Amino acid sequence: MQFYQNEFASLPTIRTQRLLLRPLSMRDDKDMFRYCSDPAVSRHVLWDTHPNIRHTRMTLRAVIRQYKAGKPATFGIERQSDHRLIGTIGFMWVNTDHRSAEVGYSLARDCWNQVYATEALRAALHYGFHTLRLNRIEAQHEIDNPASGRVMQKCGMVYEGTLRQAGMCNYGIFDVVCYSLLASEYKSKAAE
């Protein structure tokens, strides 16, 4: 676990073609509130719509505490063209014995359908397999959010099944669709 604690305590900044995946800071409060206060964004995630910026600041403080404790953490997704925080992507948990983890993401509504989520997920998968040396990374989405599943498919993740009534959010209980990618599959796809 020490290796993972060190990695999460000092998250790197990852540059993609259009994005920066970087640690969050308190300066992200206004951008984060902009998308976290949108009920359409919070509809398909496990957190509630942010009612005010104070709630967003509490969320940011909690993430920063996770960094300091070396716990699985979230990257901010910053658009390079305007330096705006447009979402988050990160590891929900890491199982050190099995070298597995779950990745999750959310994105501002005005950034949907622009391939930002796919670009961010590809970068997170690369980080997970190369830096964290994970063997398996999984992701889940609410059955009513097939767009998230398409992002996972574009990144080479494999459909594993649907867990009936396995998730719960502020809208109720829902079926969860599961995808995963193994290190061997990731390396094989990268070699193509």
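See the structure printed just above.
As the structure is a prediction and not an experimental result, all values here were calculated from the model.

Cut-offs and rules
Residues numbered from 1 in each chain as written. Predicted model: local features only at pLDDT ≥ 70, side-chain atom pairs only at ≥ 80, totals over all residues. Heavy atoms only, no water. Core = buried A, V, L, I, M, F, W, Y, C linked by side-chain atoms within 4.5 Å. Buried < 20%, exposed > 50% of the residue type's maximum accessible area, 1.4 Å probe, protein only. Helix = DSSP H or I, 4+ residues; strand = E, 2+ residues; numbered from the N terminus. Contact = heavy atoms within 4.5 Å. Salt bridge = Lys/Arg side-chain N within 4 Å of Asp/Glu carboxyl O. Patch = residues over 30% accessible without salt bridge, like charges linked within 9 Å, V, L, I, M, F, W, Y side chains within 5 Å. Areas by Shrake-Rupley, 256 points an atom, 1.4 Å probe, with all protein chains shown as cover. Phe/Tyr/Trp six-rings, centres within 6.5 Å; stacked < 30°, edge-to-face > 60°. Expected span 1.5 Å × (residues − 1). Arc of directions from axis to C-beta. Polar contact = N/O pair within 3.5 Å; in protein donor to acceptor, adjacent residues only side chain to side chain. Pairing = 2+ DSSP bridges.

## A look at the nonpolar core
Most often, soluble globular proteins keep nonpolar side chains buried together rather than apart. Among the nonpolar cores identified, the biggest contains 51 residues, and Ile89, Phe91, Leu121 and Leu125 are the most heavily contacted of them. In terms of residues, this core owes the most to one element, helix 5 (residues 116-131), which gives nine residues. Once residues within four sequence positions are removed from consideration, Phe91 is found in contact with Phe8, Pro72, Ala73, Ala101, Glu102, Val103, Ala124, Tyr127, Gly128, Leu132, Leu134 and Ile137.

## A few points about the pattern of salt bridges
Under the counting rule described, the total for this entry stands at 12 salt bridges. Of the charged contacts in the structure, one is a salt bridge between Glu78 and Arg22, with a shortest N-O distance of 2.6 Å. With a gap of 56 residues between them, Glu78 in strand 3 (residues 74-79) and Arg22 in strand 2 (residues 19-23) connect regions that are remote in the sequence. There is no split in this pair, since Glu78 and Arg22 are both buried. Arg136 is paired through a salt bridge with Glu160; the nearest N and O atoms lie 2.8 Å apart. Of the two residues, Arg136 sits in strand 6 (residues 136-142) while Glu160 sits in strand 7 (residues 158-169), which places them 24 residues apart along the sequence. Overall, the relative accessible area of 45% leaves Glu160 in the partly exposed class. A cluster of three or more residues bridged by salt bridges with shared partners is formed by Arg22, Asp28 and Glu78.

## What to know about a nonpolar patch on the surface
Residues Leu46, Met92 and Trp93 make up a contiguous nonpolar surface patch of about 320 Å² in total accessible area. As for its position among the elements, Leu46 is in the loop between helix 3 (39-42) and helix 4 (53-69).

## Some remarks on unusual backbone geometry
Located in the positive-phi region is Arg99, a residue other than glycine, with phi close to 55°. The phi dihedral of Asn113 is positive, around 60°, even though this residue is not glycine. Its place among the elements puts Asn113 in the loop between strand 5 (100-107) and helix 5. For Asn113, a relative accessible area of 77% corresponds to the exposed category.

## Focus: the packing of aromatic side chains
Taken as a whole and judged by the stated rule, the model has five aromatic pairs. Pairing Phe8 with Phe91 gives two aromatic rings, centres 6.2 Å apart and planes at 55°, and the pair type is tilted. Remark: Phe91 occurs in strand 4 (residues 84-95) and Phe8 occurs in helix 1 (residues 2-9); sequence separation between them is 83 residues. Here Phe8 matches Phe91 in class, with each residue buried. On the basis of an interplanar angle of 40° and a centroid distance of 6.3 Å, the ring pair of Phe91 and Tyr127 is categorised as tilted. Here Phe91 is found in strand 4, whereas its partner Tyr127 is found in helix 5, with 36 residues between them in sequence. Owing to a relative accessible area of 3%, Phe91 belongs among the buried residues under this scheme. Put simply, the rings of Phe8, Phe75, Phe91 and Tyr127 touch in pairs and so form one group of aromatic residues.

## A look at helix 4
Between the first and last C-alpha of helix 4 there are 24 Å, a value that for 17 residues agrees with the 24 Å anticipated at 1.5 Å per step. Every buried residue of helix 4 is accounted for by Thr56, Leu60, Val63, Ile64 and Tyr67. Seen end-on, helix 4 carries its buried residues on one side only, within an arc spanning 100°. More than 90 degrees from the buried face of helix 4, the exposed residues found are Arg54, Arg65 and Lys68. Between a side-chain oxygen at the N-terminus of helix 4 and the backbone nitrogen of Arg54 the separation is 3.2 Å; the capping residue is Asn52. Once helix 4 finishes, Gly70 follows within two positions and takes phi at roughly 70°, a positive value.

## A word on the pairing of strand 4
Counting buried residues in strand 4 gives nine out of 12 residues, a clear majority hidden from the surface. By the bridge criterion, six bridges tie strand 3 to strand 4 in an arrangement that is antiparallel. Directly across from Gly76, in strand 4, lies its bridge partner Thr88. The antiparallel pairing of strand 3 with strand 4 creates a hairpin that spans four residues between the two strands, and His83 there sits at a positive phi of about 60°.

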